[in-house]
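# A closer look at the structure
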Amino acid sequence: MSFQLPAEFKSQPTPFYYYDLALLDQTLAALTAAARPGNFQVHYALKANSNLPILQRIQQAGLGADCVSGGEVQRALEAGFAPNHVVFAGVGKSDAEINRALAADIFCFNAESVPELQVLNELAAAQGRTARVALRINPNVDAHTHAYITTGLEANKFGISLSDLAGVVDGLDSLPNVELIGLHAHIGSQITELHVFANLSRKLNELQTWLEDRGHQLPHLNVGGGLGIDYQHPDTNPIPDFGAYFGMFEQHLVRRPSQQVHVELGRAVVAQAGTLVSRVLYVKESQQTRFAILDAGMTELIRPALYGSHHHIENISSQLPALAYDVVGPICESSDTFAKAVQLAETRRGDLVAIRSAGAYGEVMSSSYNLREKAEALYR
Ligand code: LLP
């Protein structure tokens with residue numbers, strides 16, 4: 001099986017993002033079915049893809065929203081997410097962003113430092129409100145993923161380190177406009193070794209007991225996001241194994257009666273539903289290398305340039321036997337390379353190329369570098 005582009009899109013100006021809404025719906029159905037038995041509350045991480053047609057479907061499927069900026073909080077509300085289904089994380093929330101989220105009366109702030117808690121307290125007091133807060137802890141658990149998207153190690157900037165936690169918790173007494181309702185952790189993204197979620201669960205179990213000994217009963221635990229997808233085989237594994245993911249927490253996280261467990265998934269929800277479609281501008285053969293030069297580049301999809309990440313690439317116009325190509329974009333940087341020595345059906349100028357699994361962290365990370373125009377989004 002290979003990628004099928006709906007016929008009506010074959011003559012669209014390229015590059016464009018194509019979103020398969022039927023696959024998104026199937027993914028959401030699988031996700032909500034897997035979350036239901038354990039009553040997991042799923043918040044979609046808007047940072048992965050914040051296009052309104054996608055958000056509206058996700059909201060209609062009953063998910064909440066996980067935001068990391070004032071802009072994302074606003075977008076979530078525009079898309080119809082109820083404020084009490086919105087959480088707001090981030091290591092550097094500005095006063096304006098906090099004020100906006102307080103005014104909207106969102107469900108919870110995931111707070112990452114003492115100074116942030118103090119600011120939350122002051123700004124909430126000024127609005128005559130109480131900020132509900134989950135402490136984002138840095139559990140020092142290795143997510144076994146790319147260094148740039150590892151967030152739960154002591155060396156990372158995220159969360160409150162375990163050695164500081166006692167001081168932070170004791171200090172809460174002096175913050176009357178902050179209400180502690182939970183613990184939060186997010187250890188990284190594109191996690192494929194699910195046992196790391198067992199390690200995270202064990203750490204949270206210890207911390208909960210420790211907090212209870214200090215008189216804090218927490219109604220909420222938020223274990224973050226991070227479930228990875230299969231970039232190598234998007235057609236064989238279009239939908240992540242949500243059952244196995246929730247199973248790790250069912251098995252290893254010790255929940256208190258009536259305690260709610262929240263997750264914040266981004267990539268696993270939207271990645272496989274998005275494809276970057278581009279046209280081959282030129283095929284250039286040097287002595288060493290055969291280049292397929294596309295009209296899409298790192299401005300549309302920066303993941304290969306930034307993380308060296310793999311996206312499956314197909315020539316969807318050619319039926320010819322395969323040859324090896326370096327697939328590159330038009331941007332003035334050598335890092336503007338999607339793949340090296342990849343096998344593609346023999347490629348000619350004008351062929352359409354599909355760059356798969358681009359629904360998450362694709363369009364949202366695009367830029368106008370080189371004064372490029374924004375690629376359109378097409379849905380079906
Ligand atoms: N919650 C928090 C606090 C996060 O920082 C993130 C992602 C998520 C949830 C959602 O994680 P997911 O389920 O999508 O793995 N640009 C990178 C990924 C950065 C992820 C940042 N945080 C990439 O293209 O791989």
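Not measured: the values here are computed from a predicted model.

Conventions used here
Residues numbered from 1 in each chain as written. Predicted model: local features only at pLDDT ≥ 70, side-chain atom pairs only at ≥ 80, totals over all residues. Heavy atoms only, no water. Domains from an automatic or database assignment. Contact = heavy atoms within 4.5 Å. Buried area = accessible area lost by both parts, 1.4 Å probe. Salt bridge = Lys/Arg side-chain N within 4 Å of Asp/Glu carboxyl O. Polar contact = N/O pair within 3.5 Å; in protein donor to acceptor, adjacent residues only side chain to side chain. Helix = DSSP H or I, 4+ residues; strand = E, 2+ residues; numbered from the N terminus. UniProt positions renumbered as here; feature names shortened; annotations may be inferred. Near = heavy atom within 4 Å. Areas by Shrake-Rupley, 256 points an atom, 1.4 Å probe, with all protein chains shown as cover. 1 Å grid on protein atoms, 1.4 Å probe; cavity = no way out; pocket = protein on both sides within 12 Å on 5 of 7 lines; lining within 4 Å. Sits in = over half its atoms within 2 Å of the grid points. Nonpolar A, V, L, I, M, F, W, Y, C, P; charged D, E, K, R; others polar. Buried < 20%, exposed > 50% of the residue type's maximum accessible area, 1.4 Å probe, protein only. Arc of directions from axis to C-beta.

Attention shifts here to the domain arrangement of the protein. Domain assignment breaks the protein into domain 1 (7-13 + 272-379) and domain 2 (21-269). Using C-alpha coordinates to define each centre, domain 1 is positioned 33 Å away from domain 2. Taken together, the 18 residues of domain 1 in the interface contact 23 residues of domain 2. Of the roughly 1,900 Å² buried where domain 1 meets domain 2, counting both sides, 56% is carbon and sulfur surface. Summed over the shared surface of domain 1 and domain 2, the result is 1 salt bridge. The closest approach of N and O atoms between Arg356 and Asp235, which form a salt bridge, is 3.0 Å. Remark: the boundary between domain 1 and domain 2 carries 9 residue pairs in polar contact (both at pLDDT 80 or more). Elements represented by at least two residues in the side of domain 1 that touches domain 2 include exactly helix H10 (303-307) and strand E17 (376-379). Per-element tally for the side of domain 1 that touches domain 2: the top contributor is H10, with 3 residues.

UniProt records the feature "active site" (unreviewed entry) at Cys332, using the numbering of this structure. If you trace the backbone, Cys332 turns up in the loop between strand E14 (322-328) and strand E15 (337-345). With residues near it in sequence (within four places) discarded, Cys332 still touches Tyr369 and Asn370.

Near the ligand you find 18 residues, and of these Ser189, Glu264, Arg303, Tyr307 and Tyr361 are the closest. Separating an oxygen atom of the ligand from a side-chain N or O atom of Ser189 is a distance of 2.4 Å. Within the side chain of Tyr361, an N or O atom sits 2.6 Å from an oxygen atom of the ligand. Protein contacts shield 92% of the accessible area of the ligand, which totals 590 Å² for the unbound molecule. When each cavity is represented as a set of grid points, the ligand is found to reside in the largest pocket. Among the elements of the structure, strand E10 (260-265) and H10 are those that each provide at least two residues to the shell around the ligand. The class makeup of the residues in the shell around the ligand is 6 nonpolar, 6 polar and 6 charged.

Among the residues of helix H4 (residues 95-103), those classed as buried are Glu97, Ile98, Ala101 and Leu102. Along H4, the residues classed as buried sweep out an arc of 130° about the axis, all on the same side. On its buried side, H4 packs onto helix H3 (70-78), strand E4 (86-88), strand E5 (108-111), helix H5 (114-126) and strand E6 (131-138).

Turning our attention to the UniProt feature "domain: Orn/DAP/Arg decarboxylase 2 N-terminal" (unreviewed entry) in the protein. As annotated in UniProt, the feature "domain: Orn/DAP/Arg decarboxylase 2 N-terminal" (unreviewed entry) corresponds to residues 39-271 in the numbering used here. The straight-line gap between the two end C-alpha atoms of residues 39-271 is 24 Å; of that span, 35% is helix and 18% is strand.

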